[in-house]
Amino acid sequence: DGSCECYEGFEGERCDVCSATGYGPDCALSCNETTTCGDNGRCNDFATCECYPPFAGPTCALCEGGLSGPECEVSCNAEDDCSSNGRCL
């Protein structure tokens, strides 16, 4: 009937789109927003995480500038809040 049956890792009418967690020109790179980016970012075309603010780091497990806590909701400055004798948690 002229339609395509895509190989594993590809989808779309012409099998020219990566399926599910495949990225890159040959869809061989993998990234998962939940397991790779901790639900704190999205996978880009290079199978790396683009973190949602205020998250940072390769797996979006760190907080941006001066923030801490599980949701990066706590503002802390080690110099001021910890008298430069400790670190923010």
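All figures in this text were calculated on a predicted structure; none of them were measured in a lab. (Residues numbered from 1 in each chain as written. Predicted model: local features only at pLDDT ≥ 70, side-chain atom pairs only at ≥ 80, totals over all residues. Heavy atoms only, no water.)

1. What to know about the nonpolar core
Part 1 of the argument: Core analysis: the largest hydrophobic core is formed by nine residues, namely Tyr-23, Cys-31, Cys-37, Cys-43, Ala-47, Cys-49, Phe-55, Cys-60 and Cys-72.
Part 2 of the argument: Those residues in contact with Phe-55 that lie beyond four places of it in its chain are Asn-40, Cys-60, Leu-62, Glu-64, Pro-70, Glu-71 and Cys-72. (Core = buried A, V, L, I, M, F, W, Y, C linked by side-chain atoms within 4.5 Å. Buried < 20%, exposed > 50% of the residue type's maximum accessible area, 1.4 Å probe, protein only. Contact = heavy atoms within 4.5 Å.)

2. Section: the environment of Cys-37
Part 1 of the argument: The topology assignment puts Cys-37 in the loop between β4 (29-30) and β5 (41-43).
Part 2 of the argument: Cys-37 sits 29 residues away from Glu-8 along the chain, and the two C-alpha atoms are 23 Å apart.
Part 3 of the argument: With near-sequence residues (within four places) excluded, Cys-37 lies in contact with Cys-31, Asn-32, Arg-42, Cys-43, Cys-49, Thr-59 and Cys-60. (Helix = DSSP H or I, 4+ residues; strand = E, 2+ residues; numbered from the N terminus.)

3. Some thoughts on the confidence of the model for the chain
Part 1 of the argument: Model confidence for the chain is summarised by a mean pLDDT of 89, while 99% of its residues fall at 70 or above.
Part 2 of the argument: Element-level mean pLDDT values for the chain span from 78 in helix α1 (residues 78-81) up to 97 in strand β7 (residues 55-56). (pLDDT = per-residue confidence, 0-100.)

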